[in-house]
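So the chains spell out like this:
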Amino acid sequence: MDGIVMKLCECEIGRSYLVEDVLVDEAITRRLEALGVNEGTPVLILNKKGSGSVIVKVRGTRLAMGRKLSEGICVEEVAQL
């Protein structure tokens, strides 16, 4: 892929991204994988808060993530249709 890689907390509301890497504790990484958040997973940014927390849609499910977690997920923007 040739897009710009950024942290999930830096993404724009309403845009879709692909997860490039998950850089958090191993236990949290396993939990995210169980929820379907791993490399190559598309995510849609539904909402963001000033504190850095993010609400995303992943595989049809809404997930809320705090700042620390959203800073550990690297994503790349998907071309809009």
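Predicted model, so just to flag it, every value in this text is computed and none were measured. (Residues numbered from 1 in each chain as written. Predicted model: local features only at pLDDT ≥ 70, side-chain atom pairs only at ≥ 80, totals over all residues. Heavy atoms only, no water.)

A. Spatial organisation of the UniProt feature "domain: Ferrous iron transporter FeoA-like" (unreviewed entry) in the protein. UniProt annotation of "domain: Ferrous iron transporter FeoA-like" (unreviewed entry) refers to residues 6–77 when read in the numbering used here. Split by type, residues 6–77 is 19% helix and 43% strand. Its first and last C-alpha atoms lie 9 Å apart. (UniProt positions renumbered as here; feature names shortened; annotations may be inferred. Helix = DSSP H or I, 4+ residues; strand = E, 2+ residues; numbered from the N terminus.)

B. View of the nonpolar core. Formed by 18 residues in total, the largest nonpolar core has its most connected members in Leu 8, Val 37, Val 56, Met 65, Ile 73 and Val 75. Excluding residues within four positions of it along the chain, Ile 73 makes contact with Met 6, Lys 7, Leu 8, Val 19, Asp 21, Val 22, Leu 32, Val 37 and Met 65. (Core = buried A, V, L, I, M, F, W, Y, C linked by side-chain atoms within 4.5 Å. Buried < 20%, exposed > 50% of the residue type's maximum accessible area, 1.4 Å probe, protein only. Contact = heavy atoms within 4.5 Å.)

C. Up close: the pairing of strand β2 (residues 16–22). By the bridge criterion, 3 bridges tie β2 to strand β3 (residues 42–48) in an arrangement that is antiparallel. Counted as the bridge partner of Leu 18 is Pro 42 from β3. (Pairing = 2+ DSSP bridges.)

D. Molecular detail of unusual backbone geometry. You will see that Arg 59, though not glycine, has its phi angle at about 50°, which is positive. Inspection of the secondary structure assignment puts Arg 59 in the loop between β4 (54–58) and β5 (61–65). Residue class for Arg 59 comes out exposed when judged on its relative accessible area of 59%.

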